[in-house]
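Geometric and topological summary
As a plain string of letters, each chain reads:
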Amino acid sequence: CRYWWNNQDEERHHWLSWQCLTKLKTEGGLGLRGLHIFNLAMLARQGWRLLQDPESLCGRVLRAKYFPDGKLLDVVPAPGISYTWRSILKGVDLLKEGIIWRVVDGTNIKVWEDPWIPEGGTRRPRSLPGRSLITLVPDLVNPNTEDKDEAMVRDLFQQEDAEAISSISICQGMENNFAWHIEHRGIFSVKSAYKIGVMLRDRRLGSDAASSKENSANSTVKFDWKHVWSLKATSKVKIFVWRLAHNSLANCMKIQKLGVDLDTRCPVCHRLNEDGGHTFLKCKKAKE
């Protein structure tokens with residue numbers, strides 16, 4: 001990441017943030033991998049293996065020492081645990097953002113806490129439990145028909161939740177299993193886990209709110225980054241257009257904002273301040 005070093009106040013000013021560079025190309029970044037988030041995605045894969053193959057040698061050893069009840073997703077870090085296990089738990093936290101219960105008979109699946117509804121971002125009911133005594137998914141089953149009690153479902157849940165629950169078929173005598181909700185096949189992938197990590201980071205830093213505010217203030221049309229990267233031009237030209245769109249070219253106005261005292265007038269026409277819009281669109285010499 002290029003930066004400008006100001007010798008007067010000895011402060012480092014970056015042209016663009018690392019957060020911007022690690023965004024997807026379709027979202028205005030360069031698609032560079034953030035090592036921390038990528039490491040979390042790799043650790044999440046280890047957690048996925050423990051869920052899918054709990055009877056492996058590694059799974060049995062870790063379960064015997066750290067979660068004898070077999071509930072990996074309910075484990076919280078405790079003092080004295082190993083660095084390796086603490087790291088895996090960080091990956092499990094990321095894993096929780098994308099897994100979902102594939103309901104078969106609903107045994108041991110908590111209605112209001114576990115992710116089991118194939119709708120929404122949390123995969124949990126958007127309805128409030130209120131004073132309902134229903135706690136597990138089998139409580140929603142009519143014992144006479146061995147199928148969901150549709151009247152109870154409509155009374156307890158909002159319309160969106162009720163429709164999603166009605167689409168789930170329940171079969172008695174079969175075990176529930178976990179699936180990766182992000183992929184259509186339900187199989188975990190480091191690539192999709194990394195995307196979730198980037199999304200969580202942007203949400204935490206508030207970039208989504210900032211970008212939406214900027215878009216609503218400047219224009220109602222979203223910038224088409226796909227068009228930039230699909231240009232029939234060399235990579236050098238595409239990177240140039242990308243830097244121009246992000247206002248990260250070394251024009252006078254940009255350098256002044258980075259803390260350098262200089263004349264900001266256009267060195268070609270000497271009329272207006274030199275910024276990206278003036279240099280390539282408004283300058284008389286550029287028009288000629």
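Read on for a plain summary of the structure.

Conventions adopted
Residues numbered from 1 in each chain as written. Predicted model: local features only at pLDDT ≥ 70, side-chain atom pairs only at ≥ 80, totals over all residues. Heavy atoms only, no water. Helix = DSSP H or I, 4+ residues; strand = E, 2+ residues; numbered from the N terminus. Buried < 20%, exposed > 50% of the residue type's maximum accessible area, 1.4 Å probe, protein only. Contact = heavy atoms within 4.5 Å. Areas by Shrake-Rupley, 256 points an atom, 1.4 Å probe, with all protein chains shown as cover. Phe/Tyr/Trp six-rings, centres within 6.5 Å; stacked < 30°, edge-to-face > 60°. Lys NZ or Arg CZ within 6 Å of the ring centre and 35° of its normal. Disulfide = S-S within 2.5 Å. Core = buried A, V, L, I, M, F, W, Y, C linked by side-chain atoms within 4.5 Å. Salt bridge = Lys/Arg side-chain N within 4 Å of Asp/Glu carboxyl O. Patch = residues over 30% accessible without salt bridge, like charges linked within 9 Å, V, L, I, M, F, W, Y side chains within 5 Å. Arc of directions from axis to C-beta.

On to the overall build of the protein, then. Across its full length, the protein carries 13 helices and 6 strands. For the protein, with 288 residues in total, the buried portion stands at 36%. Pairs at least 24 apart in sequence give 50% of the contacts found in the protein among residues at least 6 apart. Of the roughly 18600 Å² of accessible surface on the protein, a fraction of 53% belongs to carbon and sulfur atoms.

Attention now moves to the packing of aromatic side chains. Under the defined criterion, the tally for this structure stands at 10 aromatic pairs. Arranged with centres 4.8 Å apart and planes meeting at 5 degrees, the rings of Y66 and W85 form a pair that is stacked. With Y66 in helix 3 (residues 57–66) and W85 in helix 4 (residues 83–95), this residue pair connects regions lying 19 residues apart in the sequence. Side by side, Y66 and W85 carry an identical accessibility label, which is buried. Considering the side-chain rings of W101 and F178, the 4.0 Å spacing of their centres and the 35 degrees angle between planes classify their relative orientation as tilted. With a gap of 77 residues between them, W101 in strand 3 (residues 99–102) and F178 in strand 6 (residues 177–180) connect regions that are remote in the sequence. With respect to burial, W101 and F178 carry one shared label: buried. A connected cluster of aromatic rings, assembled from ring pairs, spans W48, W180 and F188. Over the face of the ring belonging to W229 we find K25, whose NZ or CZ atom lies 4.7 Å from the ring centre.

Below, the discussion takes up the state of the cysteines. This structure, assessed with the given rule, holds 0 disulfides. The thiol sulfur of C252 is not disulfide-bonded, and the nearest other cysteine sulfur, from C266, lies at 7.8 Å. You can call C252 buried: its relative accessible area is 12%.

Now for the nonpolar core. Counting 48 residues, the largest nonpolar core has W85, L95, I99, W116, F157, W180 and F188 as its most contacted members. Counting residues per element, the ones that place at least two in this core are helix 2 (35–52), helix 3, helix 4, strand 3, helix 6 (159–166), strand 6 and helix 7 (190–205). Among the elements that make up this core, the one with the highest residue count is helix 2 (8 residues). Residue contacts for I99: discarding those within four places in its chain leaves W48, L51, L73, P115, R123, F178, A179, W180 and H181. Ranked by size, the runner-up nonpolar core spans 7 residues in total, among them L16, C20, L21 and W225.

It is worth spelling out the pattern of salt bridges at this point. Counted by the stated rule, this structure contains 6 salt bridges. Where K96 meets D93, a salt bridge forms, and the shortest distance between an N and an O atom there is 3.9 Å. On the accessibility criterion, K96 (27% relative accessible area) is partly exposed.

Turning to a nonpolar patch on the surface, a few remarks are in order. On the surface, F240, L244, F280 and L281 cluster together to form a nonpolar patch covering roughly 360 Å² of accessible area. Elements supplying a minimum of two residues to the nonpolar patch: helix 10 (235–245) and helix 12 (276–282). As for its position among the elements, L244 is in helix 10. Classification of L244 by relative accessible area gives partly exposed; the value is 31%.

Those residues of helix 3 that sit buried are G59, L62, R63 and Y66. Along the axis of helix 3, the buried residues cluster in a sector spanning 100 degrees; they form a single face. Facing away from the buried surface of helix 3 by more than 90 degrees, the exposed residues are L57, V61, A64 and K65. Tucked inside the fold, the buried residues of helix 3 contact helix 2 and helix 4.

The subject of this paragraph is unusual backbone geometry. The backbone phi angle of N247 is positive, close to 55 degrees, even though this residue is not glycine. In this structure, N247 sits in the loop between helix 10 and helix 11 (252–257). Of note in this structure, H270 is not a glycine but carries a positive phi near 55 degrees. Its place among the elements puts H270 in the loop between helix 11 and helix 12.

Another aspect to go through is the environment of D149. Mapped onto the secondary structure, D149 falls in the loop between strand 5 (147–148) and helix 5 (150–156). Judged by relative accessible area, which is 22%, D149 ranks as partly exposed. Remark: the alpha-carbon pair of D149 and D139, spanning 10 residues in sequence, is separated by 9.1 Å. Ignoring any residue separated from it by four or fewer positions in sequence, one finds D149 in contact with L140, V141 and N142.

Interpretation note: all reported values are geometric properties and have no functional meaning in isolation.
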